[in-house]
Amino acid sequence: MTTWTLRMSSPEQLRPVGASVPMRVERSQVPSIDLSRALYAAVGSRVCWTDRFAWDHETWEAWVSHDSVATWIATVRGTVAGFFELQTRSGGAVEIVLFGLLPQFYGQGLGGALLTACVENAWRGGVDWSPGAGPTSHVFLRTSTLDHRHAVRNYLARGFETAEVETADKPIPDPRLAPWPLPHDPRAMPAGDL
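The structure displayed is predicted, hence computed values, not measured ones.

**Considering the overall build of the protein**
Right, on to step 1. What the protein contains, in helices and strands, is four helices and seven strands.
Right, on to step 2. For 194 residues, the compact-globule estimate of 2.2 N^0.38 gives 16 Å, and the C-alpha radius of gyration of the protein, at 17 Å, lies within 12% of that figure.
Right, on to step 3. Seen through its C-alpha atoms, the protein measures out along the principal axes to roughly 55 × 40 × 35 Å.
Right, on to step 4. Partitioning the intrachain contacts of the protein with sequence separation of at least 6 by distance along the chain shows that 72% fall at a separation of at least 24.
Right, on to step 5. Of the accessible surface of the protein, which amounts to about 10400 Å², a share of 53% is contributed by carbon and sulfur atoms.
Right, on to step 6. Placing the 17 positive and 20 negative side-chain charges of the protein at their respective mean positions leaves the two points 8 Å apart.

Given below as structure tokens:
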């Protein structure tokens, strides 16, 4: 597997593109473990996102509740079309942690527009959505040969530059076997507690 770290050092590097159909992108204001897991599975199952399979309920809760993490959801005609997660880091960096479209929205010219919205929000991250983070110094992401076949091309077309390339073996579990953890076994709860 080859992994690329891509970086954008100033907002002027962004080469924006609009959506081919009306698309709404909105920040999720209420942290939701269930929504985050569902988005991770819906977008990631086709591109082997498996790193979070081992996360237990507490790990998911800590992630979605952290002040430095924000999730944006894209909708087209009321249907979730994709999402991205951003995380502010020390020194003003903002990482695009996750980014993608649901498979039924592939090939409709939405990837570039969603990435444009993602990068614009990343540059505003330290001021608008991550309290106390300060101004954004640079935006970066990691992608790999496991990602969608047009992912790297989209990132480069929007103005990202290659900062690092690494090739290594990585065992990938079957993404269809995502074991979404629950805080407790629902079969053990009395019916009145549901």
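**Regarding the pattern of salt bridges**
Any two side chains of opposite charge can pair, so long as their charged atoms come close to each other.
Right, on to step 1. Enumeration according to the criterion identifies six salt bridges in this entry.
Right, on to step 2. Between Arg37 and Asp34 there is a salt bridge; the shortest N-O distance is 2.8 Å. With Arg37 and Asp34 both in helix α1 (residues 33-44), this residue pair falls three residues apart, about one helical turn.
Right, on to step 3. Here Arg37 falls in the buried class, since its relative accessible area comes to 5%.
Right, on to step 4. For Arg52, the salt bridge goes to Glu85, with nearest N and O atoms at 2.8 Å. Highlighted residues: Arg52 in the loop between α1 and α2 (57-65) and Glu85 in strand β4 (residues 79-88), separated in sequence by 33 residues. Of the two residues examined, Arg52 and Glu85, each falls in the buried class.

**Quick look at the packing of aromatic side chains**
Right, on to step 1. Summed over all chains, the structure comprises eight aromatic pairs.
Right, on to step 2. In this structure an aromatic cluster arises from ring pairing among Tyr40, Trp49, Trp55, Trp60, Trp63 and Phe83.

**Some thoughts on the pairing of strand β1 (residues 2-8)**
Right, on to step 1. Where β1 lies against strand β7 (residues 161-167), six bridges are found, and the strand directions are antiparallel. Residue pairing across strands places Thr5 opposite Glu164, the latter belonging to β7.
Right, on to step 2. Note that β1 and strand β6 (residues 138-144) share six bridges and pair antiparallel. What sits directly across from Arg7, in β6, is Phe140.

**Re the side chain of Thr71**
Right, on to step 1. Among the structural elements, Thr71 can be located in strand β3 (residues 69-76).
Right, on to step 2. When sequence neighbours within four positions are dropped, the list of residues in contact with Thr71 reads Glu26, Arg27, Ser28, Ser36, Leu39, Phe83, Phe84 and Glu85.

**A look at unusual backbone geometry**
Right, on to step 1. One non-glycine residue, Cys48, lies in positive phi territory at about 60°.
Right, on to step 2. Residue position: Cys48 is located in the loop between α1 and α2.
Right, on to step 3. Given a relative accessible area of 26%, Cys48 falls into the partly exposed group.
Right, on to step 4. Positive phi, close to 50°, is recorded for Arg77, a residue that is not glycine.
Right, on to step 5. Position of Arg77 relative to the elements: it lies in the loop between β3 and β4.

Quick notes on the rules
- Residues numbered from 1 in each chain as written.
- Predicted model: local features only at pLDDT ≥ 70, side-chain atom pairs only at ≥ 80, totals over all residues.
- Heavy atoms only, no water.
- Helix = DSSP H or I, 4+ residues; strand = E, 2+ residues; numbered from the N terminus.
- Rg over C-alpha atoms; globule rule 2.2 N^0.38 Å.
- Contact = heavy atoms within 4.5 Å.
- Areas by Shrake-Rupley, 256 points an atom, 1.4 Å probe, with all protein chains shown as cover.
- Lys, Arg positive; Asp, Glu negative; His and termini not counted.
- Charge placed at Lys NZ, Arg CZ, Asp CG, Glu CD.
- Salt bridge = Lys/Arg side-chain N within 4 Å of Asp/Glu carboxyl O.
- Buried < 20%, exposed > 50% of the residue type's maximum accessible area, 1.4 Å probe, protein only.
- Phe/Tyr/Trp six-rings, centres within 6.5 Å; stacked < 30°, edge-to-face > 60°.
- Pairing = 2+ DSSP bridges.

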